[in-house]
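# Observations on chain architecture
For reference, the chains in residue letters:
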Amino acid sequence: MPEMETDIVVIGAGAAGFAAALTAADRGAEVLLLEKTAEPGGSSRICGGLLAFAGTDIQHRNGIGDSNDLLYRDLMVVGQGASDPAIVRAYVDNQLDTYHWLVARGVPFGPKPDASSGQTVPRCHVVDPDALIQTLAVHAKAHRNITIATNAEAKRLIRTDNRVSAVWVFQDGEMFDVAVRRGAIVTAGGFTRNPGLVGTFAPAVARAWVTGGEGNTGDGLLMAWQLGAGVGDVAYIQGTFGKHPTDHSNRHSLLSVYKGAIAVNESAQRYVDESLSYKLLGTACLVQSGAHTWQIFDRPIYEAHEEGVSIFDVRHRHQAGSLIEAATLEELAGKTGLDPAALRATVARYNGHVANGSDPDFGRKHLVHNHGALVPIATGPFYAHASTAALYGTYCGLTVTPRMQVLDVFREPILGLWAAGEVTAGLHGAAYMTGSAFGKALIFGRVAGRAAVGAV
Ligand SMILES: Cc1cc2nc3c(=O)[nH]c(=O)nc-3n(C[C@H](O)[C@H](O)[C@H](O)COP(=O)(O)OP(=O)(O)OC[C@H]3O[C@@H](n4cnc5c(N)ncnc54)[C@H](O)[C@@H]3O)c2cc1C
């Protein structure tokens, strides 16, 4: 096998991979960044572009008070006791610095943060994800310490004297042995594109529509498992609610529920507290008949959606024909196949809860998480968006320390091996705060890059 040598091999050129490579290279390390597919970017490039940061100048300018403490509390609440407090703390402690790092590299952010699942205050910072990846790629290509290899697939991690010493790489029909002086950082993303792994760990999600970077087949997980790595959060793989069942593009789910819509099943009955994390809403949706439900709302709720925010871009979906509009609820029922009397009764009952300030059926108190007062569905025209659950990410993976060193099944460090991004466990726990997956890729990518060169 031909031989190469470098300080660090970073496996996977998505957000985590670029963040890790740039951070390590800036500290003097020689880095080989591998990307299995022809085009870097993975899920990061096609994602909704929502990043959970707290205490930014964008929030200040919009009069939003946020802090590390509030972010920490929210993440712990969303994780329902299943997240690792030390990993949550690592996210919180490194998030603002990562936001500034992105700004300093020329990543443009939208003017206003949005509130979404798991957030007490609006903290979804909006970027064009493709532009973010292209920006980081430009910096990486220009960096004298970074070599990017596309169509280059890491196949195995090799250990010598109890330390990761090399990576086997397949490129152009040949296998290369790349020796590493410091080690490897696994940033190979999740495994939405591996039906075998999804079926093994989350058979309930098999009904969900699946997307994600085309190279996201769990390679990083498997290579680290071979070395005895531990895994976490696999029980919490869940689909995201709000995907239109006939939209096979990578367009994100529509979350009209977070603007005040209700979710009803094919019997026109509500079935969940619509303010919950959209992963929990996805799970609730998948057990409804046909995994097929509807988001129902009216004109004022339609108007409350923001343009330019992927999960609220109702106008584009309207133009694309995926929204059903009707002057009355009866007409809406006729167009959706729902029972008119049942839909009318469900909406009337819900409006009664809104007026009384209490939802005895499902305990909904807010639009989303602890944010926003409930609004009635009363002013036509009325709208329906067919909604199922989609698996965008696997939100689980390798056990790591707060410095992203991979831990084995006995929670002992695997020397010379770090991981970051969707391939890691510990942050999300049982559910998911919007923006924290893309966020964790960038934040933990930088932490891993620093740790791999021995910096704090
Ligand atoms: C449609 C969609 C919308 C989403 N929206 C949001 C959102 O708005 N906010 C949010 O927080 N999260 C969102 N997510 C989730 C989020 O995008 C991902 O969790 C995150 O971007 C993962 O980043 P990553 O760098 O870990 O992995 P990726 O960006 O997926 O990169 C991994 C890379 O590794 C490569 N790779 C895999 N195996 C190998 C190998 N053996 N050798 C070399 N390379 C390899 C892959 O090809 C890929 O390019 C969304 C996901 C999707 C699919």
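About the cut-offs
Throughout this document, residue positions are counted from 1 along each chain, in the order its sequence is written. Where totals are concerned, whole chains, interfaces and linings use all residues; where local detail is concerned, this predicted model gives features only for residues with pLDDT of at least 70, and gives and counts side-chain atom pairs only at 80 or more. Side-chain measures were taken over the full set of non-hydrogen atoms in the model, leaving aside hydrogen atoms and water. Elements are defined by DSSP. Helices are runs of H or I of four residues or more, strands are runs of E of two residues or more, and each kind is numbered from the N terminus. Radius of gyration means the value over C-alpha atoms here, while the globule rule gives 2.2 Å times the residue count to the 0.38 power. Accessibility here uses a 1.4 Å probe with only protein chains present; expressed as a share of the type maximum, an area under 20% marks a residue as buried, one over 50% as exposed, and anything in between as partly exposed. Between two residues, a contact is recorded if the distance between any of their heavy atoms is within 4.5 Å. Here, Shrake-Rupley sampling with a 1.4 Å probe gives the accessible areas, and only protein chains in the shown set may cover a residue. Asp and Glu are treated as the negative residues and Lys and Arg as the positive ones, with His and the ends of the chain left uncounted. For this purpose, a charge sits on NZ of Lys, CZ of Arg, CG of Asp or CD of Glu. Working definition: residue near molecule or strand if any one of its non-hydrogen atoms lies within 4 Å of it. Counted as a polar contact is a pair of N or O atoms within 3.5 Å, where, for protein atoms, one must be capable of donating a hydrogen and the other of accepting one, and residues adjacent in sequence contribute only when both atoms are in side chains. Residues are grouped as follows: Ala, Val, Leu, Ile, Met, Phe, Trp, Tyr, Cys and Pro are nonpolar; Asp, Glu, Lys and Arg are charged; every other residue, Gly included, is polar. Cavity and pocket criteria rest on a 1 Å grid covering protein atoms alone: a 1.4 Å probe that fits but cannot get out defines a cavity, protein on both sides within 12 Å along at least 5 of 7 lines defines an open pocket, and an atom within 4 Å of a point defines a lining residue. Grid points are joined across faces, edges and corners, and a volume is the space filled by probe spheres set on the points. Segmentation into domains, and thus their bounds, comes from an automatic or database assignment. A helix is expected to span 1.5 Å for every residue after the first. Throughout, buried area stands for the accessible area (probe radius 1.4 Å) lost by two parts on being put together, summed over both. Any Lys or Arg side-chain nitrogen located within 4 Å of an Asp or Glu carboxyl oxygen qualifies as a salt bridge. The rule for pairing is simple: two strands pair if DSSP sees at least two bridges between them. Handedness of a crossover is defined as follows: with both strands directed away from the viewer, a clockwise route from the first strand across the helix to the second makes it right-handed. Structural elements are reduced to axes, namely lines fitted to C-alpha atoms, with helices fitted over the stretch in contact, and the angle between N-to-C directions of any two is expressed from 0 to 180 degrees. In these notes the angle categories are as follows: under 35 degrees is roughly parallel, over 145 is roughly antiparallel, 65 to 115 is roughly perpendicular, and the rest is oblique. Two helices cross in a left-handed way if the nearer one is turned anticlockwise from the farther one by less than a right angle. They cross in a right-handed way if the turn is clockwise.

Each helix and strand in the protein chain was counted, giving 14 helices and 18 strands. Against the globule reference of 23 Å for 456 residues, the protein chain gives a C-alpha radius of gyration of 22 Å, in line with a compact fold. In terms of its C-alpha atoms, the protein chain occupies a principal-axis envelope of roughly 70 × 45 × 40 Å. Out of the 456 residues belonging to the protein chain, those deemed buried represent 62%. In the protein chain, 74% of the contacts between residues at least 6 apart in sequence involve partners at least 24 apart. For the protein chain, the computed accessible surface area is about 16,400 Å², with 53% contributed by carbon and sulfur atoms. Distance from the positive charge centre (37 side chains) to the negative charge centre (43 side chains) of the protein chain: 3 Å.

To continue, consider the side chain of Asn351. Residue placement: Asn351 occurs in helix H13 (residues 340-356). We classify Asn351 as buried; its relative accessible area is 19%. Among residues more than four places away in sequence, those in contact with Asn351 are Pro376, Ile377 and Ala378.

Once that is clear, we can look at the site of the ligand. The full set close to the ligand counts 41 residues, and Glu35, Ser44, Asn216, Glu422 and Phe438 are the nearest of them. With respect to the ligand, the backbone of Lys36 contributes an N or O atom lying 3.1 Å from a nitrogen atom. Residue Glu422 places a side-chain N or O atom 2.7 Å away from an oxygen atom belonging to the ligand. Protein contacts shield 99% of the accessible area of the ligand, which totals 1,000 Å² for the unbound molecule. At the level of secondary structure, the elements contributing two or more residues to the shell around the ligand comprise helix H1 (15-26), helix H2 (42-46), strand S6 (152-160) and helix H14 (436-452). Taken together, the residues that form the shell around the ligand break down as 16 nonpolar, 20 polar and five charged.

Glancing now at the layout of surface pockets. Empty pockets left among the atoms are what a rolling probe the size of a water molecule brings to light. In this model, the second largest pocket occupies a volume close to 210 Å³. Around the second largest pocket, the lining residues are Val77, Val78, Gln80, Gly118, Asp273, Ser275, Leu276, Ser277, Leu280, His369, Asn370 and Ala431. Residues that form the lining of the second largest pocket fall into these classes: five nonpolar, six polar and one charged. Structurally, the lining of the second largest pocket is a two-domain feature, drawing no fewer than three residues from each of domain 1 (3-235 + 394-452) and domain 2 (240-391).

This part covers H1. Over its twelve residues, H1 extends 16 Å from the first C-alpha to the last, a length consistent with the 16 Å expected when each residue adds 1.5 Å. When we look at burial in H1, the residues that qualify are Ala15, Ala16, Gly17, Phe18, Ala19, Ala20, Ala21, Leu22, Thr23, Ala24 and Ala25. Positive phi shows up at Gly28, right after H1, with a value of about 100°.

Turning to helix H4 (residues 68-78), a few remarks are in order. Side chains of residues three or four places apart in an α-helix project in the same direction, reflecting 3.6 residues per turn. Regarding H4, the residues found buried are Leu70, Leu71, Tyr72, Asp74, Leu75 and Val78. As for H4, its buried residues are in contact with helix H5 (85-104) and H14. Two residues or fewer past H4, Gln80 is found with a positive phi of approximately 50°.

The subject of this paragraph is the domain arrangement of the protein chain. Examined at the domain level, the protein chain breaks down into domain 1 (3-235 + 394-452) and domain 2 (240-391). Facing 32 residues of domain 1, the contacting portion of domain 2 comprises 31 residues. Contact between domain 1 and domain 2 buries roughly 2,500 Å² in total, counting both sides, with carbon and sulfur atoms accounting for 60%. Its largest share of buried area at the contact with domain 2, domain 1 owes to Asp114, Arg207 and Trp209, together 26% of the area lost on that side. Summed over the shared surface of domain 1 and domain 2, the number is two salt bridges.

For the rest of this paragraph, the subject is the pairing of strand S1 (residues 3-11). Inspection of the sheet shows S1 paired to strand S8 (residues 174-186) by eight bridges, in the parallel sense. Residue pairing for S8: Glu3 is matched across the bridge by Asp177. Bridge analysis of S1 against strand S2 (residues 31-34) gives four bridges, and the strand direction is parallel. Of the residues in S2, the one forming a bridge with Val9 is Leu32. One crossover worth recording links S1 to the parallel S2 by way of H1, and it is right-handed.

Following both chains from N to C, one finds H1 and H14 inclined at 30°, their axes separated by 7 Å at the closest point. One element, H1, and the other, H14, form an angle in the roughly parallel class. At the point where H1 passes H14, the crossing takes the right-handed sense. Across from Ala15, Ala16, Ala19, Ala20, Thr23 and Ala24 in H1, the residues of H14 making contact are Phe438, Ala441, Leu442, Gly445, Arg446, Gly449 and Arg450.

Next up on the list: the pattern of salt bridges. Tallied over the entire structure, the rule returns 27 salt bridges. Across the salt bridge formed by Arg446 and Asp97, the nearest N and O atoms sit 3.0 Å from each other. Here Arg446 is found in helix H14, whereas its partner Asp97 is found in helix H5, with 349 residues between them in sequence. The class for Arg446 is buried, based on a relative accessible area of 5%. Here Asp313 and Arg317 are joined by a salt bridge, their closest N and O atoms 2.4 Å apart. Judged on exposure class, the residue Asp313 and its partner Arg317 are both buried. Salt bridges linked by common partners bring Glu5, Asp7, Glu30 and Arg181 together as one network.

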